[in-house]
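# An overview of the molecular structure
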Amino acid sequence: MIRQAIDALTDHYQALGLLSPHDREYCRNRAFRLLQEPPQAYRPPQLGRKDALNTLLLAARDKKLLAGEGIAFEDDFMAKLTDVFMPRPGEYQEWIGDLLERSPEAATEKMYQVAIETEYIKLERVQQNIHHRYLADYGAVEITINLSKPEKSPEEIRLSQAAGSDYPACLLCKENVGLSEVPNPARSHHRLFQIELNGEDYFFQYSPYSYFNEHCIVFSKQHEPMEIDGRVIDRFLDFVDIFPHYFISANAELPIVGGSILTHDHYQGGRANFPIDSARSSLIYQSKELTVAKLDWPISAVRIEGDRQAVAQAAKKLINSWRSYSNPKLGILAQTDDIHNTVNLMARKPGRYQVILMFRNNRTDADNPDGIFHTNPVWQVVKRENIGIIEVMGLAILPARLMNEMGQFDQLPEYQKWLTAVPQADPLDQLGYTFSQILKDCGVFKPDQESQAAFEAFVTGSLTGSESE
Ligand SMILES: [Zn+2]
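Read on for a plain summary of the structure. (Residues numbered from 1 in each chain as written. Predicted model: local features only at pLDDT ≥ 70, side-chain atom pairs only at ≥ 80, totals over all residues.)

### Side note on the nonpolar core
Ranked by size, the top nonpolar core spans 124 residues in total, and within it Ile-248, Ala-315, Val-355 and Leu-357 carry the most contacts. By residue number, the principal contributor to this core is helix 10 (residues 308-323), which donates 7 residues. Sequence-distant contacts of Ala-315, defined by excluding residues within four places in its chain, comprise Ile-233, Ile-304, Val-355 and Leu-357. (Core = buried A, V, L, I, M, F, W, Y, C linked by C-beta atoms within 7 Å. Buried ≥ 20, exposed ≤ 12 C-beta atoms within 10 Å, placed from the backbone. Helix = DSSP H or I, 4+ residues; strand = E, 2+ residues; numbered from the N terminus. Contact = placed C-beta atoms within 7 Å.)

### Some remarks on the sheet that holds strand 3 (residues 193-197)
Taken together, the 10 strands give an open sheet; going across it, the order is 3-4-5-7-6-11-12-10-9-8, and neighbouring strands pair in antiparallel fashion. With one partner strand each, in any of the chains shown, strand 3 and strand 8 (281-286) form the two edges of the open sheet. Here the average twist between neighbouring strands, direction ignored, is 25 degrees. As paired strands, strand 10 (residues 301-306) and strand 12 (residues 353-361) are joined by 6 bridges and run antiparallel to one another. The residue bridging Ala-301 from the neighbouring strand is Met-358, located in strand 12. Contacts from helix 10 reach strand 9 (290-295), strand 10, strand 11 (341-348) and strand 12 within the one sheet, and its direction differs from that of strand 12 by about 5 degrees. (Pairing = 2+ DSSP bridges. Axes fitted to C-alpha atoms, helices over the stretch in contact; angles between N-to-C directions.)

### Some points on the pairing of strand 3
Because side chains alternate across strand 3, one face comprises the buried residues Phe-193, Ile-195 and Leu-197, and the other comprises Gln-194 and Glu-196, none of which is buried. Pairing of strand 3 with strand 4 (residues 200-206), which is carried by 5 bridges, proceeds in the antiparallel orientation. When the bridges of strand 4 are listed, Leu-197 appears paired with Glu-200. Hairpin remark: strand 3 followed by strand 4, antiparallel, with 2 residues in the connecting loop; positive phi at Asn-198, about 55 degrees.

### Considering the pairing of strand 6 (residues 247-250)
Here strand 6 shows a buried face lined by Phe-247 and Ser-249 and a second buried face lined by Ile-248 and Ala-250. Sheet topology places strand 6 next to strand 11; 3 bridges connect them, and they run antiparallel. Paired with Ala-250 across the two strands is Leu-345, which belongs to strand 11.

### Some thoughts on the packing of helix 1 (residues 2-16) against helix 2 (residues 24-34)
One way to put it is that helix 1 packs onto helix 2 with a least axis distance of 10 Å and a crossing angle of 140 degrees. In terms of orientation, helix 1 and helix 2 fall into the oblique class. Every pair of crossing elements has a handedness; the one defined by helix 1 and helix 2 is right-handed. Within the contact between the two elements, helix 1 uses Ile-6, Leu-9, Thr-10 and Gln-14 and helix 2 uses Arg-24, Cys-27, Arg-28, Ala-31 and Phe-32. A per-class count over the contact of helix 1 with helix 2 returns 5 nonpolar, 2 polar and 2 charged. (Parallel < 35°, antiparallel > 145°, perpendicular 65-115°, else oblique. Left-handed = near helix turned anticlockwise from the far one by under 90°. Nonpolar A, V, L, I, M, F, W, Y, C, P; charged D, E, K, R; others polar.)

### Topic: the packing of helix 1 against helix 3 (residues 49-62)
It is at 9 Å that the axes of helix 1 and helix 3 come closest, and there the two elements cross at 135 degrees. Our classification of the angle between helix 1 and helix 3 gives oblique. As helix 1 packs across helix 3, the resulting crossing turns out to be left-handed. Only Arg-49, Ala-52, Thr-55, Leu-56 and Ala-59 of helix 3 make contact with helix 1, whose side of the interface consists of Ile-2, Ala-5, Ala-8, Leu-9 and His-12. Here the contact of helix 1 with helix 3 is built from residues that sort into 7 nonpolar, 2 polar and 1 charged.

Rendered as structure tokens:
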């Protein structure tokens with residue numbers, strides 16, 4: 001059975017393009033060695049990839065080849081097994097680079113297929129995620145309860161607490177490639193594709209948790225903190241030139257409104273549309289080269305469309321003037337002891353260049369210790385985390401614990417106050433309603449006429465003002 005499984009993987013990965021015919025025997029023999037099994041001659045297998053992987057996992061467990069108990073140790077072994085068949089990082093770079101020259105779609109399709117068929121993205125786990133669409137008063141929003149991040153076993157938790165190493169500096173760093181052994185994530189078979197954005201080196205990979213279709217992560221070669229400024233715009237427009245069928249987006253760099261990893265410059269992209277893409281809009285500025293529309297969306301946002309240079313210039317102007325924009329009447333203060341104004345942004349190229357800027361502010365005060373433009377405490381029983389870029393585009397990533405709690409909201413004491421604030425409805429709709437309200441809490445310019453007029457004045461003033469880049 002082990003021989004048959006190894007032969008099935010060899011055939012499968014060769015068909016996928018991962019190994020060349022020259023590497024067959026080499027890879028097969030290494031797989032036998034990893035399984036501590038005497039090598040045998042090849043015979044055409046009658047086994048699918050999934051069954052082959054399961055067979056080898058069971059064999060490894062029987063032979064006590066796993067380093068511990070729990071899913072992390074299984075994942076680590078499977079990653080090592082897959083790595084036996086993978087091209088070296090430099091070969092992968094050349095392979096994908098050649099495909100990219102042929103077509104951007106060919107390159108992403110192959111990278112995505114490799115990520116799935118090598119189980120870097122565990123599609124079976126991703127498919128367990130719950131998705132739900134909720135129609136709010138301003139349009140649809142979506143929620144997903146993410147079950148693809150497995151819970152850590154006690155042994156894994158013990159090992160990660162004991163680790164305390166500073167290499168690699170973070171989970172994104174390029175130094176993760178080829179790492180294994182719990183508590184490191186299983187990265188033996190991880191491969192990165194290097195691209196150049198605005199003259200700087202970045203890496204492209206897929207997210208193992210796949211929050212949306214072809215969810216990719218683009219991160220800097222250097223372990224350097226997130227910074228949001230005009231350079232991000234230039235990088236994004238380069239990215240959509242390389243991959244015009246993908247969007248790219250950035251979290252803010254400030255706490256409360258930022259992403260979970262602020263210490264390493266990185267972006268999220270993919271082949272997906274979000275509720276914000278369908279938001280109603282009203283044109284507020286137009287020139288020969290570009291249009292700027294205000295979106296009817298709870299997060300104060302504008303969509304800039306046009307030719308590359310004009311879009312870049314307008315986006316940079318808006319980011320710069322937002323940094324110093326204050327409107328005390330609306331509670332918007334650019335700076336107290338710290339700076340508070342920042343943006344979330346995304347770019348696409350559906351023909352013309354498109355940038356959406358979403359204006360954020362992370363100020364707190366005595367009445368709102370968690371944040372003024374932040375999730376109201378009543379909703380935090382559902383989501384306590386920051387409202388980041390994926391959320392502001394209209395997709396909530398909700399914690400896995402909700403799966404268990406959802407059937408018994410009325411019995412759980414912590415949900416009683418929340419239940420009085422949501423409509424009586426199906427639990428998924430109650431969660432959708434909650435998220436639609438969270439987005440309203442996070443909006444800096446509220447929907448009333450005075451706030452919206454101030455928003456428009458800010459945008460048109462910034463675009464027509466003489467303020468330089
Ligand atoms: Zn890092």
